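These are the residues of each chain, in order.
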Number of protein chains: 2
Amino acid sequence: MEIITLSHGSGGKATNKLIDNLFYKYFNNEFLLQKNDSSVLPVINGKIAMSTDSFVINPIFFEGGDIGKLAVCGTINDICMSGAKPLYISVGFIIEEGLPISELEKVVQSIAKTANEAGVEIVTGDTKVVEKGSCDKIYINTTGIGIIEKNRAYLGGDKVKNGDKIIISGTLGDHGMCIMNKRENLGFKTSIKSDCCLLNKLIEDILSASNNVKVLRDPTRGGLATTLNEIIEHSNISMEIAEEFIPVKPEVDAMCEILGLDPLFIANEGKVVVIVDKNDADNVLNIMRQNPVGKDSVLLGEAINDGKNKLYLKTKIGGRRIINMPEGEILVRIC
Amino acid sequence: MEIITLSHGSGGKATNKLIDNLFYKYFNNEFLLQKNDSSVLPVINGKIAMSTDSFVINPIFFEGGDIGKLAVCGTINDICMSGAKPLYISVGFIIEEGLPISELEKVVQSIAKTANEAGVEIVTGDTKVVEKGSCDKIYINTTGIGIIEKNRAYLGGDKVKNGDKIIISGTLGDHGMCIMNKRENLGFKTSIKSDCCLLNKLIEDILSASNNVKVLRDPTRGGLATTLNEIIEHSNISMEIAEEFIPVKPEVDAMCEILGLDPLFIANEGKVVVIVDKNDADNVLNIMRQNPVGKDSVLLGEAINDGKNKLYLKTKIGGRRIINMPEGEILVRIC
């Protein structure tokens, strides 16, 4: 079995061989093949969106994806959240000595496939190798840039107004529970699959259909509750969501129940929260449901100007409680 | 002593507190403070240069710098090497549980100071925390973008022609030997200091003075021998450099001698190789020597069209040998 050795990270012959035989095999475009210290890209005729994320997920292969797919989806989705069209990404690998090259190849294939699906090019990269025990298999950073097309309005928490509607594009907690189940050998014999996917087409559908979207955010680490609390902090407004409408798959719900976890705090990797003017909410919801990755979209609640800047959950039994940002660790290394 | 815990990477309250109290304290600009999934930047009126690098150096503090300074210099220098003016960088942290927050703060201060010196803004970031033993203190990815101003010619290995001159901006091996000495407790009681520094002003000086520069490259991992071999591969030409002109500090030379290492293969973090048309070489050399980080610049040799695509070293005793790209590990985790 061929494995990654420290010499693959030395910058010398082995590094160059790895780049030529593996990276250039799957990442193949005129920009990367400039082979310079930085890549020269064409003029971008518009404002630029930029986002970065490092991925340290454990395990690196899971139901519905792997660290490569996740690393591309994560950064592309973040770029889309500002209303931008993603164009280019960089990929930086930190690899643990001893990783089988076949595993690295699977990850690289997955990165290439996902980038291709999203229509973005991998234009620059970096490879570091650390001694056995100085990282856990592989960590990947992706950084992306995209263009905000000229007619696109600015999206941001500060645009949220009283009465704006809150939509979520599907079920909560799938990614976090999939990773927990696999990593901790919890033995839940369920088919929980990560929702890890590209949201670029869904976002394009939404923004083409509506000029009244205020915020787009993907509720990843910390889940929907954290994302809504962050928007609240930024917007100076309260929000209320209804427990009865929160979409959770039965197997995710059951696993959360047993572990004492709340799906509101569990990470998603293929969902978007849309905050939209109340008069355009039905239109946006309809559009979202027509896209395969938005087919389970639901209206969860609305923004309320009560001067308290809190997230409220209207419970199934008619109560109302405040949902704060989570404290403590929740789940680690789920992305 | 306050330390980093897994909850700092959970995405919840502790993550947000770290971002507010530490990162926003030192990284403070309108783009980062948009606080969205991606940051929206102004239109860039020109071609864009993009580069990424992950830094896993051990130790994280050393004579002449630290991982923060290195992470900013590394990416900014790479952007400059395509003739671009660096504008924006992202910073992605992977932090080991247990790192003292005071050490993180020192690194963050250093990042802010170096970015400020270079005139670039840190526009987006990410923080991951992994369990103790799953990384070594801290790894940092920086990815940067810059603008190639309109009158700037394309730089690249494919432009090198017979007779072009090869200049190096100063002494070789300082960074690699400084790290080795510190990490391995080699006990060399020397004052070897890393050359880690920003090259943006030196590059600006060179490109403002000459339209005849063919290639700019910084000889980092793998040293000058690797960099020249890479350019040779790209340019389909041979190069000859003279041993007698290779600048090496006496203490670096002594340490290399004892360890059986060749300064030609040792990493630099504040040097640039300039390949320039022979008729403009003296002009460029003069300009470089007027800049503090280029004061020890020397002309090392030239490109030779002998159809063999080799790097030759003209030895002090009048011989000539081929210098190949290094095999094996050389030095690990020096950047």
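Residues numbered from 1 in each chain as written. Chains lettered and ligands numbered in written order. Predicted model: local features only at pLDDT ≥ 70, side-chain atom pairs only at ≥ 80, totals over all residues. Heavy atoms only, no water.

Focus on the pairing of strand β2 (residues 47-55) of chain B
- Of all nine residues in β2(B), eight are buried; the element is thus mostly enclosed.
- Sheet topology note: the strand β1 (residues 39-41) of chain A/β2(B) ladder contains three bridges and is antiparallel. Within β2(B), the residue paired with V40(A) across the bridge is A49(B).
- With nine bridges joining them, β2(B) and strand β7 (residues 138-148) of chain B adopt antiparallel strand pairing. For A49(B), the partnering residue across the bridge sits in β7(B) and is G146(B). (Buried < 20%, exposed > 50% of the residue type's maximum accessible area, 1.4 Å probe, protein only. Helix = DSSP H or I, 4+ residues; strand = E, 2+ residues; numbered from the N terminus. Pairing = 2+ DSSP bridges.)

Remarks on unusual backbone geometry
- Residues N58(A) and P59(A) are joined by a peptide bond in cis, for which omega reads 5°.
- Along the chain, P59(A) falls in the loop between β2 (47-55) and β3 (61-62).
- Despite not being glycine, N185(B) shows a phi value in the positive range, around 50°.
- Position of N185(B) among the secondary structure elements: in the loop between α4 (174-183) and α5 (200-209).
- The exposed category is assigned to N185(B), whose relative accessible area is 66%.

Considering the sheet that holds strand β12 (residues 298-304) of chain B
All names here are of chain B.
- Read from one edge of the open sheet, seven strands run β9-β11-β8-β12-β10-β13-β14, paired in mixed fashion. Every interior strand has two partners, whereas the edge strands, β9 (213-217) and β14 (320-322), have only one. For this sheet the average axis-to-axis angle between neighbouring strands, irrespective of direction, equals 25°.
- Contacts from helix α8 (residues 281-289) reach β8 (165-168), β11 (273-276) and β12 within the one sheet, and its direction differs from that of β8 by about 5°. (Axes fitted to C-alpha atoms, helices over the stretch in contact; angles between N-to-C directions. Contact = heavy atoms within 4.5 Å.)

A look at the relation of the copies chain B and chain A
- Of the transformation placing chain B onto chain A, the axial shift is 0.0 Å and the rotation is 180°, giving an RMSD of 0.0 Å. Each copy turns onto its partner about a two-fold axis. No C-alpha of chain B approaches the rotation axis more nearly than that of C135(B), which lies at 2.2 Å.
- When the interface residues of chain B are mapped onto chain A, 100% of them again lie at the interface, so the same face is used by both copies. (Least-squares fit on C-alpha atoms with pLDDT ≥ 70 in both.)

Thoughts on the environment of H8(B)
Residues and elements named next belong to chain B.
- Following the sequence through the fold, H8 ends up in the segment before α1 (13-26).
- In sequence terms H8 and G307 are 299 residues apart; their C-alpha atoms lie 57 Å from each other.
- Setting aside anything within four residues of it in sequence, one finds H8 in contact with I3, A14, T15, L18, I101 and V129.

What about the packing of α5(B) against α8(B)?
Residue and element names in this part refer to chain B.
- Interaxial distance between α5 and α8 falls to 9 Å at its minimum, and their mutual angle equals 150°. Here α5 lies roughly antiparallel to α8, going by the angle between them. Where α5 crosses over α8, the handedness of that crossing is right-handed. Contacts from L202, D205, I206 and A209 in α5 reach N283, V284, I287 and M288 in α8. (Parallel < 35°, antiparallel > 145°, perpendicular 65-115°, else oblique. Left-handed = near helix turned anticlockwise from the far one by under 90°.)

Overview of the interface of chain B and chain A
- With 78 residues of chain B at the contact, the number on the chain A side is 78 residues.
- Here chain B and chain A share an interface that buries about 6300 Å² over both sides, 55% of which is from carbon and sulfur atoms.
- Area buried by chain B at its contact with chain A is led by D37(B), M50(B) and R221(B), which between them contribute 13% of it.
- Remark: the boundary between chain B and chain A carries ten salt bridges.
- Looking at side-chain class alone, the side of chain B that touches chain A contains 31 nonpolar, 30 polar and 17 charged residues. (Buried area = accessible area lost by both parts, 1.4 Å probe. Salt bridge = Lys/Arg side-chain N within 4 Å of Asp/Glu carboxyl O. Nonpolar A, V, L, I, M, F, W, Y, C, P; charged D, E, K, R; others polar.)

Examining the side chain of S169(A)
Residue and element names in this part refer to chain A.
- With respect to the secondary-structure elements, S169 resides in the loop between β8 (165-168) and α4 (174-183).
- Look at S169 and you get buried, because its relative accessible area is 1%.
- Within the structure, the side chain of S169 is placed 2.9 Å from the backbone nitrogen of V272, a separation counted as a polar contact. (Polar contact = N/O pair within 3.5 Å; in protein donor to acceptor, adjacent residues only side chain to side chain.)

Digging into the sheet that holds β7(B)
- Within the open sheet, the five strands sit side by side as β1(A)-β2(B)-β7(B)-β5(B)-β6(B). Their pairing is mixed. Each edge of the open sheet carries a strand with a single partner, namely β1 of chain A together with β6 (121-130) of chain B. Put simply, the sheet's adjacent strands are angled 20° from each other on average, direction ignored.
- In this fold helix α2 (residues 67-80) of chain B packs onto β2, β5 (85-96) and β7 of chain B, with an angle of close to 150° to the strand it touches most, β2(B).

Examining the pairing of strand β10 (residues 238-242) of chain A
All names here are of chain A.
- With respect to burial, β10 is a largely interior element, five of its five residues being buried.
- Neither face of β10 is left uncovered, since the one carrying S238, E240 and A242 and the one carrying M239 and I241 both have all their residues buried.
- As paired strands, β10 and strand β12 (residues 298-304) are joined by four bridges and run antiparallel to one another. The residue bridging E240 from the neighbouring strand is E302, located in β12.
- With four bridges connecting them, β10 and strand β13 (residues 311-314) associate as parallel partners. Across the sheet, residue I241 finds its bridge partner in β13, namely L313.

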